[in-house]
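If you want the building blocks of each chain, they are given just below.
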Amino acid sequence: MVVTAPDPISREGVLSQLRRHPEIDLRDASGPGTVALLIEDALGEAALTRLRRLVRGEGARAVLVVGAIRESELLDVVECGVGVIVWRHEATADRLAQAILTASRGDGDLPADLISRLVSQVGTLHRSAGVSPSTPSLGLVPREVDVLRLVAEGFDTGEIAGKLSYSERTVKNVLHGLSTRLHLRNRAHAVAYALREGYI
């Protein structure tokens, strides 16, 4: 796990907090499969460029700790491949450790208010494009739609398995299969895809 911050004090503060969590392996450089924690007060084009480089260029799994996200940036963040977002005012050592472990598993974790904003934004884009929800462009099977609908509602793998009477392994296989087939980076990206295409 690597930390990228706008200033050395923020970076060292986060690192000192995370050293209390032995389950987190702190590193100096990111790479494929590494979790990269990016701290920003607000997003701009430079931050989005860093996110794209970390996720697409270096193959890292990103955790974004941010003070604010404008509506126009939210979809860009998800499209970059960020699956875990933590508000700066909620970024305690334990919350950051939880976010890092979630990202390391390839799972997603978005604040509830961001999920509702994302749903609203994708719905607006969907309507403005004139796409009918009844005519999706690529085929998702009903099982995939059911799983993604529950992901969008904020349920974790175990809860989804319980609600659908599947094993946790089946839920993970469904998510992995559709992510691989559609080249989706993580759960948040899969939910954004399903919303954009009118499945949920």
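Residues numbered from 1 in each chain as written. Predicted model: local features only at pLDDT ≥ 70, side-chain atom pairs only at ≥ 80, totals over all residues. Heavy atoms only, no water.

## With respect to the overall build of the protein chain
Thinking step 1. Tallying secondary structure elements over the protein chain gives nine helices and four strands in all.
Thinking step 2. Helices and strands appear in the protein chain in the N-to-C order β-α-β-α-β-α-β-α-α-α-α-α-α.
Thinking step 3. Taken over C-alpha atoms, the radius of gyration comes to 17 Å for the protein chain, in line with the 16 Å a tight globule of 200 residues would show.
Thinking step 4. Along the longest, intermediate and shortest principal axes, the C-alpha atoms of the protein chain span 50 × 40 × 30 Å.
Thinking step 5. When the 200 residues of the protein chain are sorted by exposure, 47% land in the buried category.
Thinking step 6. In the protein chain, the share of contacts with a sequence separation of at least 24, taken over all contacts with a separation of at least 6, comes to 69%.
Thinking step 7. When the accessible area of the protein chain is evaluated, it comes to approximately 9700 Å², of which 53% is carbon and sulfur surface.
Thinking step 8. In the protein chain, 24 side chains carry a positive charge and 25 a negative one; their mean positions are 4 Å apart. (Helix = DSSP H or I, 4+ residues; strand = E, 2+ residues; numbered from the N terminus. Rg over C-alpha atoms; globule rule 2.2 N^0.38 Å. Buried < 20%, exposed > 50% of the residue type's maximum accessible area, 1.4 Å probe, protein only. Contact = heavy atoms within 4.5 Å. Areas by Shrake-Rupley, 256 points an atom, 1.4 Å probe, with all protein chains shown as cover. Lys, Arg positive; Asp, Glu negative; His and termini not counted. Charge placed at Lys NZ, Arg CZ, Asp CG, Glu CD.)

## What to know about the nonpolar core
One recurring pattern in soluble globular proteins is that nonpolar side chains are buried together.
Thinking step 1. One finds L51, L64, I69 and I85 to be the most contacted residues of the largest nonpolar core, which totals 24 residues.
Thinking step 2. Counting only elements with at least two residues in this core, the list comes to helix 2 (45-57), strand 3 (61-68), helix 3 (71-80), strand 4 (84-87), helix 5 (112-128) and helix 9 (187-196).
Thinking step 3. No other element matches helix 3, which puts five residues into this core.
Thinking step 4. Each residue touching L51, except ones within four places of it in the same chain, is listed here: L38, R56, A62, L64, C80 and V82.
Thinking step 5. Within the second largest apolar cluster, 21 residues are counted, among which are L148, A161, L184 and A194. (Core = buried A, V, L, I, M, F, W, Y, C linked by side-chain atoms within 4.5 Å.)

## Details of the side chain of E144
Thinking step 1. Positionally, E144 belongs in helix 6 (residues 142-152).
Thinking step 2. A polar side-chain atom of E144 sits 2.9 Å from a polar atom in the side chain of R181. (Polar contact = N/O pair within 3.5 Å; in protein donor to acceptor, adjacent residues only side chain to side chain.)

## Describing the packing of helix 3 against helix 9
Thinking step 1. One can describe the packing of helix 3 onto helix 9 by two numbers: an axis separation of 8 Å at closest approach and a directional angle of 120°. Between helix 3 and helix 9, the angle is such that the two are oblique. In this structure, helix 3 meets helix 9 at a crossing whose hand is left-handed. Listed contacts from helix 9 to L75, V78 and E79 of helix 3 are A188, H189, A192 and R196.
Thinking step 2. Looking at the contact of helix 3 with helix 9, its residues break down into four nonpolar, one polar and two charged. (Axes fitted to C-alpha atoms, helices over the stretch in contact; angles between N-to-C directions. Parallel < 35°, antiparallel > 145°, perpendicular 65-115°, else oblique. Left-handed = near helix turned anticlockwise from the far one by under 90°. Nonpolar A, V, L, I, M, F, W, Y, C, P; charged D, E, K, R; others polar.)

## Structural notes on the pattern of salt bridges
Thinking step 1. Across all of its chains, the model carries 12 salt bridges by this definition.
Thinking step 2. A salt bridge links R70 to E73, with the shortest nitrogen-to-oxygen separation between them at 2.8 Å.
Thinking step 3. R70 sits in the exposed class, given a relative accessible area of 52%.
Thinking step 4. The partner of E144 in a salt bridge is R181, and the shortest N-O contact between them spans 2.9 Å. Taken together, the positions of E144 in helix 6 and R181 in helix 8 (residues 168-182) put the pair 37 residues apart, joining distant regions of the chain.
Thinking step 5. Shared partners join several salt bridges into a network, and the residues in it are R105, D107 and R187. (Salt bridge = Lys/Arg side-chain N within 4 Å of Asp/Glu carboxyl O.)

## Considering the sheet that holds strand 3
Thinking step 1. In space, the four strands of this open sheet follow the order 1-2-3-4, with parallel pairing throughout. Each edge of the sheet is formed by a strand with only one pairing partner; in this case those strands are strand 1 (2-4) and strand 4. Here the average twist between neighbouring strands, direction ignored, is 20°.
Thinking step 2. The pairing of strand 3 with strand 4 spans four bridges and is parallel. Bridging from a neighbouring strand, V65 pairs with V86 of strand 4. (Pairing = 2+ DSSP bridges.)

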